[in-house]
Amino acid sequence: MTVVELPARTHPDERTLATGNDQLKRRRRREYGLFALLVAPNLLVIAVFAYWPIIYNAFLSLTDWNMIAARPKFIGLANYGRTLTDPAFHKTLWITVVFTGLIVVGSLIIGLALAFLFNLPLKGRGAVRTIAFAPHILSGAAVATIWAFIFDPGYGLLRALIEPFGAEPPDWMNNSDWALPGLVIVYLWKNVGFAALIYLAGLQGLPKELDEAAAIDGASTWTRFRAIKLPLLAPITFFLLITTVIGTFQAFDVIAVMTGGGPGDATTTLSWSIYNEGFQAFNAGRAATLSIIMFVILLVVTTVQAKVMERRVHYR
């Protein structure tokens, strides 16, 4: 019987191991250096144009400054105390909440309804989708100008449509009872096309097998919508809910052109109040305080929405 001798197992000495570790460390340092080199410009831009304004705005909220004096006067939390106890601020906040709530609910409901309509195999649906989405890409000033003409009680399009029936249109933008509903109509017209298109994309991505199986089992159209389609569209709804709340809270352009926060303070939202304080009253401290309050409100609302919806949103 022949005995084959196996070569002895060699072990790398400490010098070889140290050399390998040094090479690995140098390679990692080069990779980290390249990563930092590529990321640094973006981080610098974000820091200068995003984070620094927030930090400086927080500092201004603790000061009294009319934008003319050489330097702001530090007054601590006085601005917050005066703002949070001001009845005018309470009314402004309530108007903002009502305005935002109507826009969010209306955009989601009407957008979902339009999405189902656009999903039907009808002729010309591509053109209809384009027409519905077009208002979203128009500037706020253009949209406001169009609707200012429509709402005009003297020669507007709305008057021409209802006058043959013996009705008189209200003076939308100069009547404190109609100004806010008028703005809601305008913002809905501008935003529902976007919501409809996003919902349409979600509908076309749903698995058809589940809907077909439910139909075979005898489920009605409403049951299939409520039990299958609506839960599967939860991620789309969550996305639209977040973006619509943030966007509507910051609405400014249409208000600036159509009402200027009036008549009186009927359409004075939080964003318009910030503009008033900062660029009309030249009270930078108060404007910064309102900005920080808006930031905190949106942060809290978004966090709560995320916590509540994460239990109900199921991603496929």
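Here is what the cut-offs are and how they apply
- The residue numbers shown here count from 1 along each chain, following its written sequence.
- It should be noted that, the model being predicted, local features are given only for residues of pLDDT at least 70 and side-chain atom pairs only at 80 or more, the latter also being counted only at that level, while totals for whole chains, interfaces and linings use all residues.
- Heavy atoms throughout the structure, all of them, feed into the side-chain values; hydrogens and water do not.
- Helix numbering and strand numbering both begin at the N terminus, where a helix is a DSSP run of H or I of at least 4 residues and a strand a DSSP run of E of at least 2.
- For the radius of gyration, the atom set is restricted to C-alpha positions; the globular benchmark scales as 2.2 Å times the number of residues to the power 0.38.
- By definition, residues are in contact when any of their heavy atoms lie within 4.5 Å.
- Accessibility throughout is a Shrake-Rupley quantity obtained with a 1.4 Å probe, and a residue counts as covered only by protein chains that appear here.
- We count Lys and Arg on the positive side and Asp and Glu on the negative side, and we leave His and both chain ends out.
- The atom standing in for a charge is NZ when the residue is Lys, CZ when it is Arg, CG when it is Asp and CD when it is Glu.
- Fitted lines through C-alpha atoms serve as axes, helices being fitted only where they are in contact, and the angles separating the N-to-C directions of these axes extend from 0 to 180 degrees.
- The labels follow the angle: roughly parallel below 35 degrees, roughly antiparallel above 145, roughly perpendicular from 65 to 115, and oblique for the rest.
- When residue character is reported, Ala, Val, Leu, Ile, Met, Phe, Trp, Tyr, Cys and Pro are called nonpolar, Asp, Glu, Lys and Arg charged, and the others, Gly included, polar.
- Residues enter patches when they are more than 30% accessible in relative terms and free of salt bridges; like-charged ones are connected within 9 Å and nonpolar ones (Val, Leu, Ile, Met, Phe, Trp, Tyr) within 5 Å.
- The working definition used for a salt bridge is a side-chain nitrogen of Lys or Arg within 4 Å of a carboxyl oxygen of Asp or Glu.
- Take the buried residues of types Ala, Val, Leu, Ile, Met, Phe, Trp, Tyr and Cys, join any two whose side-chain atoms come within 4.5 Å, and each joined set is a nonpolar core.
- Categorising residues by exposure relies on relative accessible area from a 1.4 Å probe, with only protein chains included: less than 20% of the type maximum marks a residue as buried, more than 50% marks it as exposed, and the intermediate range marks it as partly exposed.
- What fixes the domain bounds is an automatic or database domain assignment.
- The term buried area means the drop in 1.4 Å probe accessible area that two parts suffer when joined, counted for both and summed.
- Definition of a polar contact: a pair of N or O atoms within 3.5 Å, with one able to donate and the other able to accept a hydrogen when the atoms are protein atoms, and with sequence-neighbouring residues admitted only if both atoms are side-chain atoms.
- UniProt positions are given in the numbering used here, feature names are shortened, and annotations may be inferred rather than shown by experiment.

Undergrad: Please explain the overall build of the chain as it appears in this structure.
TA: On a plain count of helices and strands, the chain comes out with 13 helices and 2 strands. Taking 2.2 N^0.38 as the reference for a compact globule, 316 residues should give roughly 20 Å; the C-alpha atoms of the chain span a radius of gyration of 29 Å, well beyond that estimate. Each principal axis of the C-alpha distribution contributes one length, and for the chain these read about 120 × 75 × 35 Å. Excluding contacts between residues fewer than 6 apart, the proportion of contacts in the chain whose partners are at least 24 apart in sequence is 67%. By element, 67% of the accessible surface of the chain is carried by carbon and sulfur atoms, the whole surface being about 19900 Å². If you average the places of the 26 positive and of the 20 negative side-chain charges in the chain, the two averages end up 8 Å apart.

Undergrad: Can you walk me through the packing of helix α10 (residues 234-249) against helix α13 (residues 284-309) in this structure?
TA: What describes two packed helices is the angle between their axes and the distance between those same axes. α13 packs onto α10 with a crossing angle of 170° between their chain directions and a minimal axis gap of 11 Å. On the basis of their axis angle, the class for α10 and α13 is roughly antiparallel. Side by side, α10 and α13 meet where Phe238, Leu241, Ile242, Val245, Ile246 and Phe249 of the first sit next to Met294, Ile297, Leu298, Val301, Thr302, Gln305, Ala306 and Met309 of the second. Taken together, the residues that form the contact of α10 with α13 break down as 12 nonpolar, 2 polar and no charged.

Undergrad: For this particular structure, what's the right way to read a positive patch on the surface?
TA: Where like charges cluster on the molecular surface, the positive patch consists of Lys25, Arg26, Arg27, Arg28, Arg29 and Arg30. Relative to the assigned elements, Lys25 resides in helix α1 (residues 14-60).

Undergrad: Is there a simple way to think about the nonpolar core in this case?
TA: Burial of nonpolar side chains together is a common tendency in soluble globular proteins. Counting 31 residues, the largest nonpolar core has Leu108, Tyr199, Leu233, Leu270 and Met294 as the members making the most contacts within it. Those elements that place two or more of their residues in this core are α3 (87-118), α7 (179-204), α9 (221-232), α10, α12 (270-280) and α13. Judged by nonpolar contacts, the second largest core, of 22 residues, contains Ile95, Ala144, Met173 and Val192.

Undergrad: How should I be thinking about the domain arrangement of the chain in this particular structure?
TA: One widely used convention gives an interface's size as the accessible area the parts lose upon coming together. Taken as a whole, the chain is organised into domain 1 (22-74) and domain 2 (87-311). Put simply, the middle of domain 1 and the middle of domain 2, counted by C-alpha atoms, are 34 Å apart. Together domain 1 and domain 2 conceal approximately 760 Å² of surface at their shared face, both sides included; 66% is due to carbon and sulfur atoms. Three residues stand out in domain 1 for area buried against domain 2, namely Asn57, Ser61 and Met67, and they jointly supply 52% of the buried area on that side. Applying the counting rule to domain 1 against domain 2 returns 3 residue pairs in polar contact (both at pLDDT 80 or more). For the side of domain 1 that touches domain 2, the elements supplying multiple residues, two or more each, are α1 and β1 (63-64). Ranked by residue count, the leading element in the side of domain 1 that touches domain 2 is α1, at 4 residues. Of the residues assigned to the side of domain 1 that touches domain 2, the class counts are 5 nonpolar, 4 polar and 1 charged.

Undergrad: Would you mind showing me how to read the UniProt feature "transmembrane region" (unreviewed entry) in the chain here?
TA: Under the UniProt annotation, "transmembrane region" (unreviewed entry) lies at residues 32-55, 93-118, 130-150, 178-200, 232-252 and 287-306. Taken end to end, residues 178-200 is 96% helix and 0% strand, and its first and last C-alpha atoms sit 32 Å apart.

Undergrad: Is there a simple way to think about unusual backbone geometry in this case?
TA: Peptide bonds are, in most cases, trans, and in most cases residues other than glycine have a negative phi. Cis geometry marks the peptide bond from Gly262 to Pro263; its omega dihedral reads -5°. Along the chain, the position of Pro263 falls in the loop between α11 (253-258) and α12. The backbone of Met67 sits at a positive phi, close to 70°, despite the residue not being glycine. By the secondary structure assignment, Met67 is in the loop between β1 and β2 (73-74). Unusually for a residue other than glycine, Phe282 sits at a positive phi of about 55°. In this fold, Phe282 is placed in the loop between α12 and α13. Here Phe282 falls in the partly exposed class, since its relative accessible area comes to 43%.

Undergrad: Any chance you could explain the side chain of Ser273 here in plain terms?
TA: Tracing the backbone shows Ser273 in helix α12. In contact with Ser273, not counting residues within four places along its chain, are Thr92, Thr268 and Leu290.

Undergrad: Explain the pattern of salt bridges here, please?
TA: A pair can form between side chains of opposite charge whenever their charged atoms are brought close. Applying the stated criterion to the full structure yields 4 salt bridges. For Asp265, the salt bridge is made with Lys91, and the minimal N-O distance between the two is 2.9 Å. Of this pair, Asp265 sits in the loop between α11 and α12 while Lys91 is found in helix α3, placing the two residues 174 residues apart along the sequence. With relative accessibility at 35%, the residue Asp265 sits in the partly exposed group. Each of Arg159, Glu163 and Glu168 takes part in a single network of salt bridges with overlapping partners.

Undergrad: Any chance you could explain the environment of Thr267 here in plain terms?
TA: Among the structural elements, Thr267 can be located in the loop between α11 and α12. Note on Thr267: relative accessible area 0%, which makes it buried. Thr267 sits 228 residues away from Val39 along the chain, and the two C-alpha atoms are 43 Å apart. What Thr267 contacts, discounting residues up to four positions off in sequence, is Ile95, Ala179, Leu180, Leu183, Ile255, Thr259, Gly261 and Gly262.

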